[in-house]
Amino acid sequence: MDGSGIRGLAIASQDAHAAFGGVVPEIAAREHLRSLDAMVRHAMREADVDHADITGVGVTAGPGLVGALLAGVNWAKAYAFARGLPLLGVHHMEGHLFGTALEHEDAHPPFIGLLVSGGHTLLLEARAWGRYRLLGGTRDDAAGEAFDKVARRLGLPYPGGPQIQRAAERSAVARSAAAGGQGAGGAPGRFRLPRPMLSRRDVRGDPAYYDMSFSGLKTAVARVAEQLEAEGALVEAVDDLAADFQEAVVDVLAEKTRRAVEQTGCRRVVLGGGVARNSRLREGLAERLGSSGELYAPSPRLATDNAAMIAAAARFRLARGERSPWSLNAEAALAFPGLA
Ligand code: KG4
Ligand code: ZN
């Protein structure tokens with residue numbers, strides 16, 4: 001057991017999707033069904049626990065792909081029912097908040113939560129665990145979705161987030177190599193990309209103050225890529241374009257988060273979701289917050305979807321006496337719990 005209190009954790013990644021350039025729902029559902037038994041056995045062996053030691057079952061009930069969710073929900077219901085255990089359906093994004101808290105004991109409410117994943121982008125104020133106020137969110141693409149789509153446009157493989165980060169790092173290396181030298185290679189801001197929904201004129205109280213939009217940025221990158229392609233210059237420019245795109249996303253997310261800290265007086269910021277793996281995002285957030293906030297970010301293992309964060313959220317709710325009924329269903333668009 002490490003400092004996170006996790007006794008056993010099994011993670012299966014589904015590589016089969018890469019060949020299709022994105023997640024294929026049918027494959028996802030089938031792979032869940034196929035691997036669940038073995039995964040649970042693996043985690044229990046690692047944790048050195050027996051069935052008799054288990055006191056409750058938590059499972060992701062949504063939001064997400066309903067086929068994959070159903071595989072988990074049905075497995076959890078059957079296991080909990082057969083063993084007479086309490087069952088709890090967890091919201092995937094609330095799980096990401098608990099995931100970060102597993103590794104940082106100071107990451108507790110009140111805090112500002114910035115959740116950035118492939119399907120969701122949320123900025124919220126956590127007043128207590130289970131009591132949240134939604135400040136803003138994306139009006140179109142999620143941050144991770146934008147990374148994936150831009151990567152695809154630039155000819156980089158799926159999932160695009162890590163690829164964009166790597167390309168941006170290559171751009172930075174080229175920039176320092178060319179420092180004092182010649183050529184545009186690695187110049188930050190070489191492409192003037194927009195910062196959607198970010199303006200100094202934004203006023204507090206207007207939903208646009210916290211809301212985000214990444215679809216227009218994605219289109220702007222596509223337009224630049226198209227022009228470069230016509231000039232036969234895209235391949236040479238991919239790293240710089242990826243770097244500028246990443247910088248634009250980080251700029252928007254960091255500034256919206258800084259505003260939330262300033263307006264609520266909440267100093268702690270809890271970052272969660274797959275995009276939290278992005279080191280430039282963590283760096284940019286820390287820079288923007290400066291001494292006015294403390295950033296708590298998950299390690300790569302717990303930033304990516306995992307069962308430990310779901311168990312942590314379930315443990316909190318089960319301890320409060322909450323139970324899900326045996327009729328618990330998977331919900332593709334499950335609402336975030338506890339919103340004031
Ligand atoms: O939370 P997550 O593992 O799954 C969902 O709940 O969606 O997030 C996956 C997302 C993908 O869009 C992926 O491209 C993105 O996280 N991601 C990254 C990085 N690593 C993963 N985005 C930017 N930079 C990264 N290093
Ligand atoms: Zn996730």
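The structure under discussion appears in the preceding block.
Residues numbered from 1 in each chain as written. Chains lettered and ligands numbered in written order. Predicted model: local features only at pLDDT ≥ 70, side-chain atom pairs only at ≥ 80, totals over all residues. Heavy atoms only, no water.

## Quick word on the site of ligand 1
Next up, step 1: Near ligand 1 lie 18 residues; those nearest to it are His92, Gly118, Asp148, Gln165 and Asp305.
Next up, step 2: One of the side-chain N or O atoms of His92 is found 2.9 Å from an oxygen atom in ligand 1.
Next up, step 3: Taking Gly144, its main chain carries an N or O atom lying 3.2 Å from an oxygen atom of ligand 1.
Next up, step 4: Here ligand 1 has 560 Å² of accessible area as a free molecule, and 86% of this is covered by the chains.
Next up, step 5: Taken together, the elements giving at least two residues each to the shell around ligand 1 come down to α3 (92-103), α4 (143-153) and α5 (160-178).
Next up, step 6: Class assignment for the residues of the shell around ligand 1 results in three nonpolar, twelve polar and three charged. (Near = heavy atom within 4 Å. Polar contact = N/O pair within 3.5 Å; in protein donor to acceptor, adjacent residues only side chain to side chain. Areas by Shrake-Rupley, 256 points an atom, 1.4 Å probe, with all protein chains shown as cover. Helix = DSSP H or I, 4+ residues; strand = E, 2+ residues; numbered from the N terminus. Nonpolar A, V, L, I, M, F, W, Y, C, P; charged D, E, K, R; others polar.)

## Here we look at the coordination of the zinc ion (ligand 2)
Next up, step 1: Distances from the zinc ion (ligand 2) to its protein donors, His92 (NE2), His96 (NE2) and Asp305 (OD), fall at 2.0 to 2.1 Å.
Next up, step 2: Considered as a linear motif, the donors of the zinc ion (ligand 2) on their single chain read H-x3-H-x208-D. Placement of the pair is His96 in helix α3 and Asp305 in the loop between α9 (300-303) and α10 (307-319), with a sequence separation of 209 residues.
Next up, step 3: In this structure His96 comes out as buried when scored by relative accessible area, which is 1%. (Donors = N, O, S within 2.8 Å, 3.2 Å for Na, K, Ca; no water. Buried < 20%, exposed > 50% of the residue type's maximum accessible area, 1.4 Å probe, protein only.)

## What about the nonpolar core?
One recurring pattern in soluble globular proteins is that nonpolar side chains are buried together.
Next up, step 1: One finds Leu154, Ile164, Phe214, Leu241, Phe245 and Leu253 to be the most contacted residues of the largest nonpolar core, which totals 50 residues.
Next up, step 2: At the level of elements, β3 (111-116), α4, α5, α6 (215-230), α7 (234-264), β6 (268-272) and α8 (279-289) are the ones that each hand at least two residues to this core.
Next up, step 3: In terms of residue count, the dominant contributor to this core is α7 (14 residues).
Next up, step 4: In this structure Leu154 touches Ile164, Val221, Ala225, Leu234, Val238, Leu241 and Ala242, once residues within four positions along its chain are discounted.
Next up, step 5: Residues Val90, Met93, Leu302 and Leu318 belong to the second largest nonpolar core, which totals 28 residues. (Core = buried A, V, L, I, M, F, W, Y, C linked by side-chain atoms within 4.5 Å. Contact = heavy atoms within 4.5 Å.)

## Notes on the pattern of salt bridges
Next up, step 1: Scanning the entire structure with this criterion turns up 25 salt bridges.
Next up, step 2: The partner of Asp251 in a salt bridge is Arg288, with the nearest N and O atoms 2.6 Å apart. Placement of Asp251 in helix α7 and of Arg288 in helix α8 is noted, with a sequence separation of 37 residues between them.
Next up, step 3: Accessibility expressed as a relative area gives 30% for Arg288, which makes it partly exposed.
Next up, step 4: The salt bridge partner of Arg258 is Glu255, with a shortest N-O separation of 2.9 Å. A residue pair is termed a helical-turn pair when its members lie 3 or 4 positions apart in one helix, as Arg258 and Glu255 do in helix α7 at three residues.
Next up, step 5: Residue classification places Arg258 among the partly exposed positions, given a relative accessible area of 22%.
Next up, step 6: Here Glu255 falls in the buried class, since its relative accessible area comes to 13%.
Next up, step 7: Counted as one network, the salt bridges with shared partners bring together Arg195, Asp202, Asp251, Glu255, Arg258, Arg259, Glu262 and Arg288. (Salt bridge = Lys/Arg side-chain N within 4 Å of Asp/Glu carboxyl O.)

## As for the packing of α4 against α7
Next up, step 1: At a closest axis distance of 11 Å, the pairing of α4 and α7 adopts a crossing angle of 170 degrees. It follows that α4 is roughly antiparallel to α7 by the angle criterion. Note on element contacts: α7 touches α4 through Leu234, Phe245, Gln246, Val249 and Leu253, opposite Ala143, Ala146, Phe147, Val150 and Arg153.
Next up, step 2: Along the lines of polarity and charge, the residues of the contact of α4 with α7 split into eight nonpolar, one polar and one charged. (Axes fitted to C-alpha atoms, helices over the stretch in contact; angles between N-to-C directions. Parallel < 35°, antiparallel > 145°, perpendicular 65-115°, else oblique.)

## Let's talk about α6
Next up, step 1: Between its terminal C-alpha atoms α6 stretches 23 Å, which fits the 22 Å expected from 16 residues at 1.5 Å a residue.
Next up, step 2: Three or more residues of α6 are buried, namely Leu217, Ala220, Val221, Ala225 and Leu228. The buried side chains of α6 occupy one side of the element, clustering within an arc of 135 degrees when seen end-on. Opposite the packed face of α6, turned more than 90 degrees from it, sit the exposed residues Arg223, Glu226, Gln227 and Ala230.
Next up, step 3: Of the surrounding secondary structure, the elements contacted by the buried residues of α6 are α4 and α7.
Next up, step 4: Downstream of α6 by one or two residues, Gly232 has phi in the positive range, about 70 degrees. (Expected span 1.5 Å × (residues − 1). Arc of directions from axis to C-beta.)

## Some words on the packing of aromatic side chains
One pair of aromatic rings is described through two measures. These are the centre distance and the angle between the planes.
Next up, step 1: Applying the stated criterion across every chain, the model contains eight aromatic pairs.
Next up, step 2: Considering the side-chain rings of Phe81 and Trp326, the 5.2 Å spacing of their centres and the 90 degrees angle between planes classify their relative orientation as edge-to-face. Here Phe81, found in helix α2 (residues 66-83), pairs with Trp326, found in the segment after α10; they are 245 residues apart in sequence, far enough to count as distant.
Next up, step 3: You can call Phe81 exposed: its relative accessible area is 59%.
Next up, step 4: Classification of Trp326 as partly exposed rests on a relative accessible area of 41%.
Next up, step 5: Considering the side-chain rings of Phe147 and Phe245, the 5.2 Å spacing of their centres and the 75 degrees angle between planes classify their relative orientation as edge-to-face. (Phe/Tyr/Trp six-rings, centres within 6.5 Å; stacked < 30°, edge-to-face > 60°.)

Limitation: the analysis is restricted to geometry and does not speak to function.
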